[in-house]
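In case you want the letters, here they are:
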Amino acid sequence: MTGTDAMAAIQQLPANVVNKIAAGEVVERPASVVKELMENAIDAGATRIDVILQKGGLQGIRVVDNGRGIPADQLTLAVASHATSKIRSDEDLFRVGTLGFRGEALASIGSISRLQIRSRTASDSCAAELEVVGGQVASPIPSAGPEGTSIDVADLFFNTPVRRKFLRTTQTEASHATEAFTRLALAYPSLHFTLNSNQRTVYDLPPCDSWRERIATFFGNELADSLIGVQSEDEQTCLSGYVANPAVSRANNRMQYLFLNGRFIRDRSLQHALSEAYRGLLMTGRYPVSFLKLDMPAQLVDVNVHPTKMEVKFRDGGRIYSQLLSTIRNRFLNTDLTARLEAPPPPGGEPPNAPSSTHRPPPTLPLPTTPDHHPSRLPAQDSPIPPFPPILNRLPSQHRATTPTHAEITTSPLAAQQEIPLPAVTLTTGPDAEPDAQPAQSGSDQAAASQAPSAMQALNRYLIAETEDGVIVIDQHALHERILYEQIRQKVLAGSLETQRLLVPEPVDLSSEEAAAILDARQLLARLGVDVQPFGGASVLISTYPAMLANWNPTDLLRLLAEQLTSSTKKPERRDLLDELMHMISCKAAIKAGDRLTRDEIAALLQQRELAQDAHHCPHGRPTALVFTRDDLDRQFKRT
Ligand code: ADP
Ligand code: MG
């Protein structure tokens, strides 16, 4: 408190101050100007929009369009605050069909820069020009120019030095401006856009028919090729676009493009739905890549909740959340997402896609040229490491270069017992094996092997099997966990999870926080087959538990659930919690790495793999299997 002397009287702020305040909301940096001017051009029906930046837009920004233009007698109004041609009444606010509607952008920009507008409509015989310098509006003068509008913004923030200080390097500002350009050019693939920065053409994007094409122009063919189309529609909302194969991910969520009625938006809830859809498919810390469009009647969304309109408010956010989640999830279930080991290009420089994959592999590997030459079947150390090569990563490096993997597998005590001979064995016996040196017992077993999927266990944690076009290495824990997870999920959703009733309900002592969390989650736990009741103090009584966890002590299970429930600090949504608990149960119930498996167990696991909806990844996001195609192997052995 600074004393009792008179508090300043309340005064209406002068217009130039109001505009500067508004400018603070709308114009944060050059990129904001690029966005506002491009949006105006799109609203004006332009089919071609050129953006020119000087020094990342710090020195100058020019946006030229061939839209319908501004009549000379309205130029002054266009730069007045709260003047717009796009809405007329407050009701219009709830059915906004244009990108702009606040009538603030030009006034704001004019108050903190040197702004020049030159514009001509189809019915005017010549163009008109208007200049605004730091909010001072000059009179319009006749000028020459084509139909459309050209706007120049120079010396942004020249009269607000404090704001200017917040700006970053030219390069950073240029990249923000480019991002603003990208968002709009992505949203309107049918329009021609160009971006020129410091006298260099960065993008020249002619109109294109397909969205994928425009995406490819920005992010390259490799990314565009990894895109999986998604599409769903209900009476009100149409969702369409692409999500990237989980093999392609990013370290942040910046490559998640979401357009609502042609407007780029950021929506936390929908970002969450997206990451839910990828749950179990990405490693922690990785983010999905997506290009999605939502189209819905304007009345169903309020875009007037944020000055730059980047955030919106859906009338029925929950429904859109579910639509997005289920559309993508279902699409993934119909898509083969198996992780493929990408072989490095052969050093000889052969084309990577040599036409060699059309014929079926011969039953045995050809003889090597030198008997005592043991080429490693693992990629060289400096080869590009594929996304998740668990085996390769765990081997010490000297091991990789010198030890034939055969030794590691067969000297493992289990492998000796568990080995089920099948053609894959020829691979593990090393390249010096005679073609007819098949294991003696191969005859009958091979017949059996062709009926049921079979494999050998290696290192007590991997199953190795031959597939149609190569060899597959399966992580036994990850696969089992995935299978159980899918089973539990299906049953929980159908309300048909089998439960086991305890003969005598068991009291379990917990901390009071845990007891409260468990009792809070009672309904949720009931869906998982866990029935609990309060039992005084910090104790709860457990009377049923999932039959799936028959070998489990119900007390331990409850403790674990309590831990899980209290450890989630961020208070996830209900749906999350259920999923989390399902993951936990499947993880706990699954066989572990290090568990020896019997032949029957291996066979059962592989059989269920075929049935599991998404057996390619365990729920934690590690792949359950790596595929080495014959071509991959041939390349590694330099056979091609
Ligand atoms: P808003 O876009 O919210 O209406 P702006 O301050 O961005 O507010 O623009 C004010 C008005 O100027 C617009 O409503 C439009 O009538 C006119 N205008 C601005 N830019 C253009 C343009 N490139 N082409 C045609 N008219 C424009
Ligand atoms: Mg505008």
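Going along each chain's sequence as written, the residues are numbered from 1 onward. Ligands are numbered from 1 and chains lettered from A, in the order in which they are written. Since the coordinates come from a predicted model, pLDDT governs what is reported: local features require at least 70, and pairs of side-chain atoms require 80 or more to be given and counted, while whole-chain, interface and lining totals use all residues. Only hydrogens and water are set aside; all other atoms, that is, all heavy atoms of the structure, feed into the side-chain values.

Let's shift gears to the overall build of the protein. When you go through the protein residue by residue, the secondary structure sums to 23 helices and 23 strands. Across the protein, the fraction of contacts at a sequence separation of at least 24, relative to all contacts at a separation of at least 6, is 70%. Each accessible area is a Shrake-Rupley estimate made with a 1.4 Å probe; only the visible protein chains count as cover when residues are assessed. As presented, the protein carries roughly 32000 Å² of accessible surface, and 51% of it is formed by carbon and sulfur atoms. Counting from the N terminus, the helices are the DSSP runs of H or I reaching at least four residues and the strands are the DSSP runs of E reaching at least two. Here, two residues are considered to be in contact whenever any of their heavy atoms come within 4.5 Å of each other.

The subject of this paragraph is the site of ligand 1. One heavy atom within 4 Å of a molecule or strand is enough for the residue carrying it to be called near that molecule or strand. Taken together, 19 residues sit near ligand 1, with Asn 40, Thr 84, Ser 85, Lys 86 and Gly 103 positioned nearest. Taking Thr 149, its side chain carries an N or O atom lying 3.3 Å from a nitrogen atom of ligand 1. For ligand 1, whose accessible area on its own is 530 Å², the fraction buried by protein is 92%. Residue assignment for the shell around ligand 1 shows that the elements contributing at least two residues are helix 2 (30-43) and helix 4 (105-111). Amino acid classes used here: Ala, Val, Leu, Ile, Met, Phe, Trp, Tyr, Cys and Pro are nonpolar; Asp, Glu, Lys and Arg are charged; the rest, including Gly, are polar. Classifying every residue of the shell around ligand 1 by side-chain character gives 8 nonpolar, 7 polar and 4 charged. In protein, a polar contact requires one atom able to donate a hydrogen and another able to accept it; more generally it is a pair of N or O atoms within 3.5 Å, and residues adjacent in sequence count only if both atoms are side-chain atoms.

The subject of this paragraph is the nonpolar core. If you look at the biggest cluster of nonpolar residues, it comprises 61 residues, and the most contacted ones within it are Ile 49, Val 51, Val 153, Phe 181, Phe 193 and Phe 291. Discounting chain neighbours no more than four positions away, the residues touching Ile 49 are Met 38, Ala 41, Ile 42, Val 63, Val 64, Asp 65, Leu 191, His 192, Phe 193 and Thr 194. Nine residue types can take part in a nonpolar core, namely buried Ala, Val, Leu, Ile, Met, Phe, Trp, Tyr and Cys, and a core is a set of them joined through side-chain atoms within 4.5 Å. Classification of residues uses two cut-offs on accessible area relative to the type maximum, computed with a 1.4 Å probe and protein chains only: under 20% is buried, over 50% is exposed, and between them is partly exposed. With 32 residues, the next largest nonpolar core counts Leu 528, Val 530, Tyr 545 and Ile 585 among its residues.

Pairing of aromatic rings covers Phe, Tyr and the six-membered ring of Trp, with a centre-to-centre limit of 6.5 Å; geometry is then stacked below 30 degrees between planes, edge-to-face above 60, and tilted otherwise. Evaluation of the coordinates by the stated rule reveals 15 aromatic pairs. Their ring planes at 85° and their centres at 6.4 Å tell us that Trp 211 and Phe 291 sit as a pair that is edge-to-face. Taken as a pair, Trp 211 in helix 7 (residues 211-219) and Phe 291 in strand 14 (residues 290-295) lie far apart in primary sequence, 80 residues in all. Note on Phe 291: relative accessible area 0%, which makes it buried. Between Phe 259 and Phe 264, the aromatic rings sit 5.9 Å apart at their centres with planes inclined by 70°, giving edge-to-face as the arrangement. The same class applies to Phe 259 and to Phe 264, which are both buried. Through a chain of ring-to-ring contacts, three or more aromatic side chains come together here, namely Phe 181, Phe 193, Tyr 203, Trp 211, Phe 218, Phe 219, Tyr 242, Tyr 257, Phe 259, Phe 264 and Phe 291. For a ring to carry a charge above it, either NZ of a lysine or CZ of an arginine must fall within 6 Å of the ring centroid while also lying within 35 degrees of the normal to the ring plane. Sitting over the ring of Phe 158, Arg 114 keeps its end group 4.3 Å from the ring centre. Between the NZ or CZ atom of Lys 293 and the centre of the ring of Trp 211, over which it lies, the distance is 4.3 Å.

Moving on, we get to the sheet that holds strand 17 (residues 456-458). Here a strand pair is declared whenever DSSP counts at least two bridges between the two strands. Pairing within the open sheet is antiparallel, and its 4 strands lie in the order 17-18-19-23. With partners counted over all chains shown, the strands left at the sheet margins are strand 17 and strand 23 (625-629), one partner each. Sheet twist, expressed as the mean angle between neighbouring strand axes with direction ignored, is 25°. Across 5 bridges, the pairing between strand 19 (residues 470-475) and strand 23 is antiparallel. Axis lines are fitted through C-alpha atoms, for helices just across the contact stretch, and the angle between N-to-C directions can take any value from 0 to 180 degrees.

Each residue carries a pLDDT score, the predictor's own confidence in it, on a scale running from 0 to 100. Of all residues in the protein, 77% attain a pLDDT of 70 or more, and the chain-wide mean is 77. Predicted confidence is poor over residues 340-452, with pLDDT under 50, and the contacts of this stretch with residues over four places away or in other chains come to 122 contacts.

Time to look at the side chain of Asp 43. The residue Asp 43 is located in helix 2 in this model. Taking the relative accessible area as the measure of exposure, Asp 43 reaches 15% and is therefore buried. Engagement of the side chain of Asp 43 in a polar contact is seen with the backbone nitrogen of Leu 99, the distance being 2.8 Å. With near-sequence residues (within four places) excluded, Asp 43 lies in contact with Arg 68, Lys 86, Thr 98, Leu 99 and Gly 100.

What follows covers the packing of helix 6 (residues 170-187) against helix 7. Axis separation between helix 6 and helix 7 bottoms out at 9 Å; the angle between their running directions is 160°. Comparing the axis directions of helix 6 and helix 7 gives the class roughly antiparallel. Along this stretch, helix 6 crosses helix 7, giving a crossing that reads as right-handed. Two secondary-structure elements touch here, helix 6 through Phe 181, Thr 182, Ala 185 and Leu 186 and helix 7 through Trp 211, Arg 214, Ile 215, Phe 218 and Phe 219. Taken together, the residues of the contact of helix 6 with helix 7 sort by class into 7 nonpolar, 1 polar and 1 charged. Each angle receives one of four descriptions, namely roughly parallel if under 35 degrees, roughly antiparallel if over 145, roughly perpendicular if within 65 to 115, and oblique otherwise. A clockwise turn of the near helix away from the far one marks a right-handed crossing, whereas an anticlockwise turn of less than a right angle marks a left-handed crossing.

Before going further, it helps to spend a moment on helix 17 (residues 476-494). How far a helix is expected to stretch is found by multiplying one less than its residue total by 1.5 Å. Taking 1.5 Å per residue as the helical rise, helix 17 with its 19 residues ought to reach 27 Å, and the 27 Å between its terminal C-alpha atoms agrees with that figure. Among the 19 residues in helix 17, 14 count as buried, and that is most of the element. Of the residues that open helix 17, the one with a side-chain oxygen 3.1 Å from the backbone nitrogen of His 477 is Asp 475. Gly 495 sits one or two positions beyond helix 17 and adopts a positive phi of about 70°.

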